[in-house]
Amino acid sequence: MRRGEKVKDILKQGGPRSGVVLSGWVRSVRDSKQVAFVMVNDGSCLESLQVVMDAALPSHADVVKAGTGAAVRVTGDLVPSQGGGQQWELKASCIEVVGSSDPSYPLQKKRHTFEFLRTIAHLRVRSNVFGAVFRVRNAASHAIHRFFQERGFLWVHTPIITGSDCEGAGEMFQVTTLELGNPPRTEEGKIDFAQDFFARQTSLTVSGQLEAETFALAFGDVYTFGPTFRAENSNTPRHASEFWMIEPEMAFFDLQDNVALATDFIKYMTAFVLEQCGGDIDFLEQWVEKGLRARLEQVVSSQFSVMTYTEAVERLAASGEKFEYPVKWGIDLQTEHERHLTEVLVKGPVFVIDYPKDIKAFYMKVNDDGRTVAAMDLLVPRIGEIIGGSQREHRLDVLLERIRGLGLREEDYWWYLDTRRFGTCPHAGFGLGFERAVMYLTGMSNIRDVIPYPRVPGTAEF
RNA sequence: UCCCGAGUAGCUCAACCGGCAGAGCGGGUGGCUGUUAACCACUAGGUUGGGGGUUCAAGUCCCUCCUCGGGAGCCA
């Protein structure tokens, strides 16, 4: 099949020239007596190509009837457009209806609500906004791999099914082949997971960090980029049950190195998207978030602030702002605190570091003061926390003390603890919620609208 | 999971104090000499989210369930 050229390439190359072939889907048809205009989009870019169809063309009636959404293949000459609104148009010598579209096609030329579009997630990708969102999502993934590969990082594929029920945060989805209605029981009456597929209780991963650490202590610099699952009953615009996460892990790295890398990383990704998806960003600017482009450009050029948790608490307390939850040293920053910090006090991305030990995970390095850990959260306006990371506790004795103190079972971490026995070294890493990054890059305000087929509590359609 | 709000035609929304359920867009039919969310005319389209209750009478009031949105918690 001769598919022809992409709209993106046709517009880039320009004309005039003859014998151009284009395949795509009809966005709209404007028909009058002598001539009809068919907007054809192929997803390669935001723009549709205007196809001019003389009423004398044999397939004229078929094309007009084929309907919005139909698949067509056009052959014609690329000529300067007589009308305003586009530079080039395709004067058709032949239009073939490859697949017609039923009149019930739900996408109108009018604006739809995101709520409605979510119910037709298989078709919403043919709309302008979702075209832009998923091209940005693609460019961002590309940028992430490029950033790390250029710096010699190893992409590690950590397991999706995990046997450790102790990875820290979050409820986990259980993985089993046992008969749910009648599982085998032990003598005490408990479910006998020894008879399950993996001969133990298994779940979907909530993080690849612990496994990534073992690779960092062999390859130096590594990163994960893959799906992650949380069975939390979270119903917010920022949480999904299935999402993608990027987790770099670097050996011989401390918290300052970590902050520096995370900063470079965010800037690189943002600059890459601005460069690759300029048209999409401008469209999102117009329809989704005013000021998007300026905000992204500012991310690339500005310096990210860094402040300690202690300083953040002091500044919040001194701000005079009335918070629903009062700020106090020792309690975790609430969403309202984080947003006030990044949106009002700093007005930009800010790293908060050195959190109280008691509110953070066991694997974070205990600072010399004995009461804080070398943690870092990157807070950004609108989204809140986008990156969470830390320098890891590399001292075996301190780590063991932390595990025991939290009532965790040492034997569950035997392989993780081995890394501290055999050539341990200071190392650090962070986790980036990929969808939150895409939200930040596109201005979209609901995580369900930056995932192709979102999974959230009560919903797994498509 | 908790708090608040919403659910009316395929979509987006009206409908006053409880009194005949409407518009725009989309669809269909016809028209229009180059359109840009094209335009003009005509036309079809409804168990007012489900169930129960109050009332002569319920889209409207009460109870309950479901779904969606906003906020919170958990977090990325």
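Residues numbered from 1 in each chain as written. Chains lettered and ligands numbered in written order. Predicted model: local features only at pLDDT ≥ 70, side-chain atom pairs only at ≥ 80, totals over all residues. Heavy atoms only, no water.

Asker: Would you mind showing me how to read the sheet that holds strand E9 (residues 202-204) here?
Answerer: Two orientations exist for strands paired in a sheet by backbone hydrogen bonds: parallel and antiparallel. Sheet architecture is open: three strands sit in the order E7-E9-E8, paired in antiparallel fashion. The open sheet has two free edges, formed respectively by strand E7 (161-162) and strand E8 (174-175), since each of these has just one partner strand. Across two bridges, E7 lies against E9 in antiparallel orientation. By the bridge assignment, Thr162 is partnered in E9 with Ser203. (Pairing = 2+ DSSP bridges. Helix = DSSP H or I, 4+ residues; strand = E, 2+ residues; numbered from the N terminus.)

Asker: Looking at this structure, I do not really get the environment of Leu345. What am I missing?
Answerer: Topologically, Leu345 is positioned in helix H11 (residues 335-345). A relative accessible area of 25% places Leu345 in the partly exposed class. Sequence-wise, Leu345 and Ala312 are 33 residues apart; in three dimensions their C-alpha atoms are separated by 9.7 Å. (Buried < 20%, exposed > 50% of the residue type's maximum accessible area, 1.4 Å probe, protein only.)

Asker: I would appreciate a short explanation of the pattern of salt bridges in the present structure.
Answerer: A side chain with one charge may pair with a side chain of the opposite charge, provided their charged atoms come close. Inspection of the entire model under this criterion finds 22 salt bridges. Between Arg295 and Glu289 there is a salt bridge, with the nearest N and O atoms lying 2.5 Å from each other. One salt bridge connects Arg421 with Asp418, and the closest N-O pair in it is separated by 3.0 Å. With Arg421 and Asp418 both in helix H13 (residues 414-421) and three residues apart, this pair spans about one turn of that helix. For Arg421, a relative accessible area of 41% translates into the label partly exposed. Overall, the relative accessible area of 23% leaves Asp418 in the partly exposed class. By sharing partners, the salt bridges in this structure join Glu213, Glu249, Arg392 and Arg420 into a single network. (Salt bridge = Lys/Arg side-chain N within 4 Å of Asp/Glu carboxyl O.)

Asker: In this structure, what is going on with the sheet that holds strand E6 (residues 154-155)? I would like to understand it.
Answerer: Read from one edge to the other, the open sheet built from eight strands follows the order E6-E10-E11-E16-E15-E14-E13-E12, with strand pairing classed as mixed. In this open sheet, the two strands that pair with only one neighbour each are E6 and strand E12 (305-308). Against the sheet, helix H14 (residues 434-442) makes contact with strand E10 (221-229), strand E11 (242-251), strand E14 (372-380), strand E15 (384-391) and strand E16 (427-433), and its axis sits at roughly 60° relative to E16, the strand it touches most. (Contact = heavy atoms within 4.5 Å. Axes fitted to C-alpha atoms, helices over the stretch in contact; angles between N-to-C directions.)

Asker: Looking at this structure, I do not really get the nonpolar core. What am I missing?
Answerer: The nonpolar side chains of a soluble globular protein tend to be buried, and buried together. In this structure, Phe148, Phe265, Ile266, Met269, Met376, Ile387 and Leu432 are the most contacted members of the largest nonpolar core, which totals 67 residues. Ignoring sequence-local partners within four residues, the contact set of Met269 consists of Ala140, Ala143, Ile144, Leu432, Ala437 and Leu441. (Core = buried A, V, L, I, M, F, W, Y, C linked by side-chain atoms within 4.5 Å.)

Asker: What am I meant to see in the environment of Gln174 here?
Answerer: Along the chain, Gln174 falls in strand E8. Taking relative accessible area as the criterion, Gln174 reaches 44% and is therefore assigned partly exposed. Residues Gln174 and Thr205 lie 31 residues apart in sequence; the distance between their C-alpha atoms is 9.7 Å. Gln174 has contacts with Phe193, Gln201, Thr202 and Ser203, leaving out every residue within four places of it along the chain.

Asker: Before we go on, may I ask you to explain the protein's contact with RNA strand B in this structure?
Answerer: Inspection of the region around RNA strand B gives 48 residues, with Gln108, Arg118, Thr236, Gln334 and Arg436 positioned closest. Sugar plus phosphate: this is where 49% of the atoms of RNA strand B within 4 Å of the protein reside. Contacts to RNA strand B include Gly84, whose backbone N or O atom sits 2.6 Å from a base oxygen. For RNA strand B, a phosphate oxygen lies 2.5 Å from a polar atom in the side chain of Asn233. Secondary-structure elements contributing two or more residues to the surface near RNA strand B are strand E1 (17-31), helix H3 (114-119), E11, E15 and E16. Residue composition of the surface near RNA strand B, grouped by class: 11 nonpolar, 22 polar and 15 charged. (Near = heavy atom within 4 Å. Polar contact = N/O pair within 3.5 Å; in protein donor to acceptor, adjacent residues only side chain to side chain. Nonpolar A, V, L, I, M, F, W, Y, C, P; charged D, E, K, R; others polar.)

Asker: I tried to follow the packing of aromatic side chains on my own but got confused; where do I start?
Answerer: By convention here, two paired aromatic rings are described through the distance between centres and the angle between planes. The final tally for this structure, using the stated rule, is 24 aromatic pairs. Arranged with centres 6.4 Å apart and planes meeting at 15°, the rings of Trp155 and Tyr223 form a pair that is stacked. Residue Trp155 is located in strand E6, and its partner Tyr223 is located in strand E10; the two are separated by 68 residues in the primary sequence. Residues Trp415 and Tyr416 carry aromatic rings whose centres are separated by 6.4 Å and whose planes lie at 85° to one another, so their mutual orientation is edge-to-face. We classify Trp415 as partly exposed; its relative accessible area is 26%. An aromatic cluster of at least three residues, connected via ring pairs, comprises Phe147, Phe148, Phe153, Trp155, Tyr223, Phe265, Tyr268, Phe272 and Phe430. The positively charged end of Lys360 is found above the aromatic ring belonging to Tyr355, 4.2 Å away from the centroid. We note Arg420 situated over the ring of Tyr416; from NZ or CZ to the ring centre the distance is 4.3 Å. (Phe/Tyr/Trp six-rings, centres within 6.5 Å; stacked < 30°, edge-to-face > 60°. Lys NZ or Arg CZ within 6 Å of the ring centre and 35° of its normal.)

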